[in-house]
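Here is how the chains run, residue by residue.
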Amino acid sequence: MKRFIPFMKSNPTVAVIRLQGVIAGGGRGTLNDASLGPIIEKAFSKGKPAAVALEVNSPGGSPVQSSLIGARIRRLAEEKEIPVIAFVEDVAASGGYWLAAAADEIYADESSVVGSIGVISAGFGAHELLARQGVERRVYTAGKSKSMLDPFRPENPEDVERLKGLLNDIHANFIDHVTARRAGKLDSETELFTGEVWLAKKAHALGLIDGIGHIKPFLKERFGEKVQFRRYGVRKPFLARFGTQMVDDAIASVEERAAFAQFGL
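What counts, and where the lines are drawn
- Residues numbered from 1 in each chain as written.
- Predicted model: local features only at pLDDT ≥ 70, side-chain atom pairs only at ≥ 80, totals over all residues.
- Heavy atoms only, no water.
- Helix = DSSP H or I, 4+ residues; strand = E, 2+ residues; numbered from the N terminus.
- Expected span 1.5 Å × (residues − 1).
- Buried < 20%, exposed > 50% of the residue type's maximum accessible area, 1.4 Å probe, protein only.
- Contact = heavy atoms within 4.5 Å.
- Polar contact = N/O pair within 3.5 Å; in protein donor to acceptor, adjacent residues only side chain to side chain.
- Core = buried A, V, L, I, M, F, W, Y, C linked by side-chain atoms within 4.5 Å.
- Salt bridge = Lys/Arg side-chain N within 4 Å of Asp/Glu carboxyl O.
- Axes fitted to C-alpha atoms, helices over the stretch in contact; angles between N-to-C directions.
- Parallel < 35°, antiparallel > 145°, perpendicular 65-115°, else oblique.
- Left-handed = near helix turned anticlockwise from the far one by under 90°.
- Nonpolar A, V, L, I, M, F, W, Y, C, P; charged D, E, K, R; others polar.
- Pairing = 2+ DSSP bridges.
- Right-handed = clockwise from strand over helix to strand, strands pointing away.

Caption draft 1: Representation of helix α1 (residues 33–45) in the model. Over its 13 residues, α1 extends 17 Å from the first C-alpha to the last, a length consistent with the 18 Å expected when each residue adds 1.5 Å. Looking at α1, one finds that the buried residues are Asp33, Leu36, Gly37, Ile39, Ile40, Ala43 and Phe44. Buried-residue contacts for α1 involve β1 (13–20), β2 (51–58), α2 (63–80), β3 (84–93) and β8 (228–232). Between a side-chain oxygen at the N-terminus of α1 and the backbone nitrogen of Ala34 the separation is 3.3 Å; the capping residue is Asn32. Residue Gly47 follows α1 closely and has a positive phi angle near 65°.

Written out as structure tokens, the structure reads:
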């Protein structure tokens, strides 16, 4: 049995939260506040960690879920007065960068992809295909905008303008988050909010990250060789490996690969 020895300092501990994958409101394998909330709360609350480290590897996704997760991290960091340090792996783009920016400091590998501070909405139009097949689309609404951007009807310019307004407002929220979190660090001479991405060295020069660094050597240098790491992340239930869940996981995997692929990963 381990004995308690008065006045002996224990080794510092860093809680490590893994943020891997697409950010979406639902679906197994995605990052969202509902699944991550209890994990983040536990990471900040168990013991008194010297810091919380975020391992970020995400091409982005839902702006709302990005905001909810980031806000939870900031609230706990301020309530418990615990510094937060993010470490980017392959990519922290769009919502992935939103999560990284919730940290007090951001570090990345030299080949990490960082940025994509923009908002996108994509869909398809199938009205011509339906017409060729002799299929008539019937839609009845109360409220002229209820069927906005229906993919089975011709595109309405007013709907497009309305959508662009929503995207611009979300983009403004993203910009506000980044400029607040990276205050005094961003390159004021470069347009950083076009949706462009950069590798880590350029991102560092632009002030989007604080330097090049890997999680273990960096934290050992900061907190000492005896620093201990306590890891937290979403775990897949054992039974989820079987049955129809295998199909769901396969589809989710394809969607995630497609999201990463836009950054050449």
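Now, onward.
Caption draft 2: Inspection of the nonpolar core at higher detail. Phe44, Leu54, Tyr97 and Leu208 are the most contacted members of the largest nonpolar core, which totals 44 residues. Those residues in contact with Leu208 that lie beyond four places of it in its chain are Tyr97, Ile106, Val114, Ile117, Arg182, Leu186, Leu192, Trp198 and Ala203. By size, the runner-up hydrophobic cluster in this structure holds eleven residues, among which are Val14, Ile85, Phe87 and Leu219.

Caption draft 3: The arrangement of the environment of Thr13 in detail. Positionally, Thr13 belongs in strand β1. Since its relative accessible area comes to 12%, Thr13 is described here as buried. Along the sequence, Thr13 and Pro49 sit 36 residues apart, while their C-alpha atoms lie 5.0 Å from each other. With residues up to four places along the chain from it excluded, the contact list for Thr13 reads Pro49, Ala50, Ala51, Gln228 and Arg230.

Caption draft 4: Highlighting the pattern of salt bridges. Across all of its chains, the model carries 15 salt bridges by this definition. Glu79 is the partner of Arg75 in a salt bridge, and the nearest nitrogen-oxygen pair spans 3.6 Å. One end of the pair, Arg75, and the other, Glu79, are both in helix α2, four residues apart, so they sit about a helical turn from each other. Assessed through its relative accessible area of 34%, Arg75 is described here as partly exposed. Glu79 gets classed as exposed once you look at its relative accessible area, which sits at 54%. Glu110 serves as the salt-bridge partner of Lys201, at 3.9 Å between the closest nitrogen and oxygen. Note that Lys201 is positioned in helix α6 (residues 200–205) and Glu110 in the loop between β4 (105–108) and β5 (113–115), a separation of 91 residues in sequence. By relative accessible area, Lys201 is classed as exposed at 56%. Since its relative accessible area comes to 45%, Glu110 is described here as partly exposed. A cluster of three or more residues bridged by salt bridges with shared partners is formed by Asp33, Glu41, Arg72, Arg75 and Glu79.

Caption draft 5: A look at the packing of α1 against α2. It is at 10 Å that the axes of α1 and α2 come closest, and there the two elements cross at 15°. Considered as vectors, α1 and α2 are oriented roughly parallel to each other. The handedness of the crossing between α1 and α2 comes out as right-handed. On α2, the residues touching Asp33, Leu36, Gly37, Ile40, Glu41, Phe44 and Ser45 of α1 are Gln65, Leu68, Ile69, Arg72, Ile73, Arg75, Leu76, Ala77 and Lys80. Its residues assigned to classes, the contact of α1 with α2 shows eight nonpolar, three polar and five charged.

Caption draft 6: Geometry of the pairing of β4. Here β4 shows two buried faces, one formed by Glu105 and Tyr107 and the other by Ile106 and Ala108. With four bridges joining them, β3 and β4 adopt parallel strand pairing. By the bridge assignment for β4, Ala86 is matched with Ile106. Viewed along the sheet, the connection from β3 through helix α3 (residues 95–101) into β4 turns out right-handed. Sheet topology places β4 next to strand β7 (residues 211–212); two bridges connect them, and they run parallel. Across the sheet, residue Tyr107 finds its bridge partner in β7, namely Gly211.

Take it as geometry only, folks, not as evidence of what the structure does.
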